[in-house]
Structures are given as C-alpha cells and as structure tokens.
Amino acid sequence: QVQLVESGGGLVQAGGSLRLSCAASGRTGKRSAMAWFRQAPGKEREFVAAISWSGGSTYYADSVKGRFTISRDNAKNTGYLQMNSLKPEDKAVYYCAAGLVPNIVVRNTTAYDYWGQGTQVTVSS
C-alpha cells in the first residue's frame with residue numbers, strides 16, 4: 001500500500017518561506033502525478049499545485065502563482081512545495097496527493113488515489 005507523509009509545516013511570519021516535503025513509500029505506479037491541496041477552516045479543500053511524473057508539466061492555482069513552486073525528485077520518491085512570500089490567507093492544512101492522473105484532471109480532488117495526513121501551515125501577520 002502506498003503511503004504519503006508530509007513534513008515541513010509550521011508557524012511563519014507573513015512574507016516568510018516554508019518548504020513542504022511529501023515522501024512516498026510502498027508500491028507506486030508508473031507515471032504517477034503528484035499534487036498539493038489545502039483546506040482552511042470552514043472552506044472546501046482546494047487545489048494548490050500539481051506536477052506530472054516527468055516534471056515537465058506544472059499547474060498552479062491563481063492564488064499561489066508566482067509565489068509557490070512545485071517540484072519532485074523521483075530518485076528519492078519525494079515531492080516538494082516551496083512557498084515564498086507567504087500571506088495570512090495561506091494558513092491551512094496542506095495535503096499531498098498522488099495517483100495515475102491524466103494531466104487534464106490534475107486539479108480535481110477526486111482524481112487522486114493516495115493522500116497524506118496533512119501538515120499545518122500557519123502564517124502570522
């Protein structure tokens with residue numbers, strides 16, 4: 001069974017940076033896309049960023065474009081989300097996800113088979 005474990009969350013001041021990591025273990029399928037979603041209290045889980053298996057295609061929500069960068073290291077079975085210029089509205093639980101997801105649906109929560117437990121990101125003003 002595939003397991004995803006996030007790390008790197010915490011408390012940071014507005015304007016600061018954090019790097020989240022998502023380590024995968026277990027039997028993963030070929031051409032597995034990876035993505036990050038987040039959920040704030042009282043709100044639906046929303047798409048943040050996604051990356052194709054090769055890393056050749058990346059996708060971002062408009063709210064984080066230009067501030068966040070998604071990447072992956074397949075040799076380490078690890079994905080990353082570099083978050084710069086953090087804002088208080090970025091406060092949420094961040095989840096990583098993976099699956100054999102066609103690029104056209106990488107923004108859809110229901111497209112992913114595997115999810116991490118989430119890591120809390122808090123941004124103070």
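Presented here is an overview of the structure given in this document. (Residues numbered from 1 in each chain as written. Predicted model: local features only at pLDDT ≥ 70, side-chain atom pairs only at ≥ 80, totals over all residues. Heavy atoms only, no water.)

**What about the pattern of salt bridges?**
In the structure shown here, the tally under the stated rule is 4 salt bridges. For K65, the salt bridge identified is with D62, shortest N-O distance 3.5 Å. Comparing K65 with D62 shows no difference in burial state: the two are exposed. Salt-bridge contacts for R67 lead to D90; the nearest nitrogen and oxygen are separated by 2.8 Å. Within this pair, whereas R67 is found in the loop between β6 (58-60) and β7 (68-73), its partner D90 is found in the loop between β8 (78-83) and β9 (92-99), the two being separated by 23 residues in sequence. Overall, R67 belongs to the buried group, its relative accessible area being 11%. (Salt bridge = Lys/Arg side-chain N within 4 Å of Asp/Glu carboxyl O. Buried < 20%, exposed > 50% of the residue type's maximum accessible area, 1.4 Å probe, protein only. Helix = DSSP H or I, 4+ residues; strand = E, 2+ residues; numbered from the N terminus.)

**Section: the state of the cysteines**
Within this structure, the stated rule accounts for 1 disulfide. Residue pairing for C22: its cysteine sulfur links by disulfide to C96, the two sulfurs lying 2.2 Å apart. Disulfide C22-C96: the torsion about the S-S bond is 65°, which places it as right-handed. Of this pair, C22 sits in strand β3 (residues 18-25) while C96 sits in strand β9, placing them 74 residues apart in sequence. Taken individually, C22 and C96 each receive the classification buried, so the pair is uniform in this respect. (Disulfide = S-S within 2.5 Å.)

**Thoughts on the pairing of strand β4 (residues 33-39)**
Of all the 7 residues making up β4, 6 are buried; the element is thus mostly covered by neighbouring parts of the structure. Two elements, β4 and β9, share 7 bridges in a ladder whose sense is antiparallel. Bridging across to β9, M34 finds its partner in A98. Relative to strand β5 (residues 46-51), β4 runs antiparallel, the two being bridged by 5 bridges. From the neighbouring strand, R38 faces β5, where its bridge partner is E46. Between β4 and β5, which pair antiparallel one after the other, the connecting turn spans 6 residues, and G42 there sits at a positive phi close to 75°. (Pairing = 2+ DSSP bridges.)

**Focus: the environment of V93**
Its location among the elements puts V93 in strand β9. With 26 residues separating them in the primary sequence, V93 and T119 have C-alpha atoms 5.4 Å apart. Look past the residues within four positions of V93 in its chain and what remains in contact with it is F37, R38, Q39, G118, T119 and Q120. (Contact = heavy atoms within 4.5 Å.)

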